[in-house]
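If you want the building blocks of each chain, they are given just below.
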Amino acid sequence: MENEQVSFLQGCLGCVQLLIPVFLLALGFFVGRANERRHYRSIHEREQRWLSVPALANKTIEDPRPVAQAKLVVGEVVISVDYWKRIASILRSLIGGEVRSYSSLLDRARREAVLRMKTQAPSAHAFYNVRLETTSIAGGRNRKSIGAVEVLAYGTAVRFKE
Amino acid sequence: MILTNLESVPGRTIVEHYGLVNGSTIRAKHVGRDIMAGLKNIVGGELKGYTELMNESRTQAIERMVAQAQELGANAVVNVRFSTSQVAQGAAELYVYGTAVKVA
């Protein structure tokens with residue numbers, strides 16, 4: 001009788017051990033997707049507002065108007081990788097090809113960093129020489145895995161004399 | 001102190017060049033040590049604590065560069081660039097550099 005109970009408990013424990021990563025994966029997938037969609041909506045809305053103030057990669061100002069003020073502005077964001085993205089990238093590394101789960105992460109981070117840079121100078125007419133710097137932050141147990149991604153966007157905010 | 005990442009300050013003329021000035025900070029970043037970041041590692045999303053940390057270390061690096069420029073007698077730093085690199089495992093250096101100049 002006791003042996004049956006022990007093996008039943010062992011079976012339960014085995015089940016639970018298997019279910020935990022599946023649960024985390026499901027959490028990462030559903031909550032992660034929802035977070036990403038919400039972030040993209042916020043990015044779209046803010047980009048519409050800032051559409052008239054362009055972020056340019058040009059070094060030279062082609063505008064004939066004289067410059068009233070120019071200053072360096074910086075925008076920065078650190079976004080973490082979720083469980084589903086990590087598993088998807090491991091699976092992708094077996095087959096090869098584009099890691100689409102990380103592409104959306106970097107795209108969000110870059111657009112967010114540029115938007116934050118623009119909010120540093122609300123009265124500017126344009127942003128010149130916009131550059132992006134990307135760094136990866138080490139993950140949890142395994143130092144080689146990526147825990148989060150940091151994007152730094154910087155440029156010169158220029159306001160012209162009217 | 002005027003800072004720009006263009007090659008000159010638009011609308012002003014450079015009267016004197018003082019040379020390269022720089023500032024740097026090294027930050028240790030490890031998501032695993034942070035419990036909140038560990039949770040965020042399951043669902044994803046922005047790590048606000050880390051963004052704050054990066055902001056502070058970046059401001060510090062810029063302040064160091066500006067201090068160097070002030071010592072030389074400059075009133076502007078042009079062509080400012082940022083560069084990041086992994087120094088040790090889990091530590092990254094943020095390096096900011098530019099040309100110290102005097103503008104009229």
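Residues numbered from 1 in each chain as written. Chains lettered and ligands numbered in written order. Predicted model: local features only at pLDDT ≥ 70, side-chain atom pairs only at ≥ 80, totals over all residues. Heavy atoms only, no water.

(A) Structural view of the overall build of chain A. Scanning chain A for helices and strands turns up 3 helices and 3 strands. Shown N-terminal to C-terminal, the secondary structure of chain A runs as helices and strands in the order α-β-α-α-β-β. The globule rule puts the C-alpha radius of gyration for 162 residues at 15 Å, and the 23 Å found for chain A is more than 25% above it. Scored against the burial criterion, the 162 residues of chain A give a buried share of 41%. Summed over its atoms, the accessible surface of chain A is roughly 9500 Å², and 59% of this surface lies on carbon and sulfur atoms. Treating the 24 positive side-chain charges of chain A as one cloud and the 15 negative ones as another, the clouds have centres 3 Å apart. (Helix = DSSP H or I, 4+ residues; strand = E, 2+ residues; numbered from the N terminus. Rg over C-alpha atoms; globule rule 2.2 N^0.38 Å. Buried < 20%, exposed > 50% of the residue type's maximum accessible area, 1.4 Å probe, protein only. Areas by Shrake-Rupley, 256 points an atom, 1.4 Å probe, with all protein chains shown as cover. Lys, Arg positive; Asp, Glu negative; His and termini not counted. Charge placed at Lys NZ, Arg CZ, Asp CG, Glu CD.)

(B) Geometry of the interface of chain A and chain B. Listed as interface residues are 44 residues of chain A and, on the opposing side, 36 residues of chain B. Taken over both partners, the interface formed by chain A and chain B buries close to 3300 Å², and the fraction arising from carbon and sulfur atoms is 55%. Two residues, Arg116 of chain A and Glu46 of chain B, come together in a salt bridge whose shortest N-O distance is 2.9 Å. Where chain A packs against chain B, one counts 11 residue pairs in polar contact (both at pLDDT 80 or more). For the side of chain A that touches chain B, the secondary structure elements donating two or more residues are α1 (2-49), β1 (67-80), α2 (83-95), α3 (100-119), β2 (126-138) and β3 (146-160) of chain A. With 10 residues, the single largest contributor to the side of chain A that touches chain B is β1 of chain A. Residues that form the side of chain A that touches chain B fall into these classes: 19 nonpolar, 14 polar and 11 charged. Pairing geometry for β1 of chain A and strand β3 (residues 45-46) of chain B, over 2 bridges, is antiparallel. (Contact = heavy atoms within 4.5 Å. Buried area = accessible area lost by both parts, 1.4 Å probe. Salt bridge = Lys/Arg side-chain N within 4 Å of Asp/Glu carboxyl O. Polar contact = N/O pair within 3.5 Å; in protein donor to acceptor, adjacent residues only side chain to side chain. Nonpolar A, V, L, I, M, F, W, Y, C, P; charged D, E, K, R; others polar. Pairing = 2+ DSSP bridges.)

(C) Main features of the environment of Leu6 of chain B. For Leu6 of chain B, the position within the fold is in the loop between β1 (2-3) and β2 (14-28). Classification of Leu6 of chain B by relative accessible area gives buried; the value is 3%. Between the alpha carbons of Leu6 of chain B and Gly38 of chain B there is a distance of 39 Å; along the sequence they are 32 residues apart. Those residues in contact with Leu6 of chain B that sit more than four places away from it in its chain are Asn58, Lys59, Ile61, Tyr128, Asn129 and Thr156 of chain A together with Val78 and Asn79 of chain B.

(D) Representation of the pattern of salt bridges in the model. Applying the stated criterion to the full structure yields 14 salt bridges over all chains. The partner of Arg65 of chain A in a salt bridge is Glu162 of chain A, and the shortest N-O contact between them spans 3.9 Å. With Arg65 of chain A in the loop between α1 and β1 and Glu162 of chain A in the segment after β3, this pair connects stretches of sequence that are 97 residues apart. Residue classification places Arg65 of chain A among the partly exposed positions, given a relative accessible area of 33%. Its relative accessible area of 78% is what places Glu162 of chain A among the exposed residues. Residue Arg27 of chain B is joined to Glu150 of chain A by a salt bridge in which the shortest nitrogen-to-oxygen separation is 3.8 Å. Note that Arg27 of chain B is positioned in strand β2 and Glu150 of chain A in strand β3, a pairing that runs across two chains. Taken as a pair, Arg27 of chain B and Glu150 of chain A share a single burial class, namely buried. Residues joined by salt bridges that share partners form a network here, namely Arg33, Glu36, Lys85 and Arg108 of chain A.

(E) Structural context of the side chain of Asn35 of chain A. With respect to the helices and strands, Asn35 of chain A occurs in helix α1. Asn35 of chain A sits in the buried class, given a relative accessible area of 17%. A polar contact of 2.6 Å, which involves the side chain of Asn35 of chain A, links it to the side chain of Arg38 of chain A. For Asn35 of chain A, the residues in contact, after removing those within four places along its chain, are Val43 and Gly44 of chain B.

(F) Quick look at the pairing of β3 of chain A. All names here are of chain A. Among the 15 residues that make up β3, 13 are buried, leaving the element largely enclosed by the rest of the structure. Note: β1 against β3, 13 bridges, orientation antiparallel. Looking at β3, one finds that Val73 is bridged to Gly155. By the bridge criterion, 11 bridges tie β2 to β3 in an arrangement that is antiparallel. When the bridges of β3 are listed, Arg131 appears paired with Tyr154.

(G) Inspection of α3 of chain A at higher detail. Over its 20 residues, α3 of chain A runs 29 Å from end to end, which matches the ideal 28 Å to within 8%, given 1.5 Å per residue. Ser101, Tyr102, Ser104, Leu105, Arg108, Ala109, Glu112, Ala113, Val114, Leu115, Met117 and Lys118 of chain A are the residues of α3 of chain A that are buried. The inward-facing, buried residues of α3 of chain A abut α1, β1, α2, β2 and β3 of chain A together with β3 of chain B. (Expected span 1.5 Å × (residues − 1).)

The values reported here are purely geometric and, on their own, carry no functional implication.
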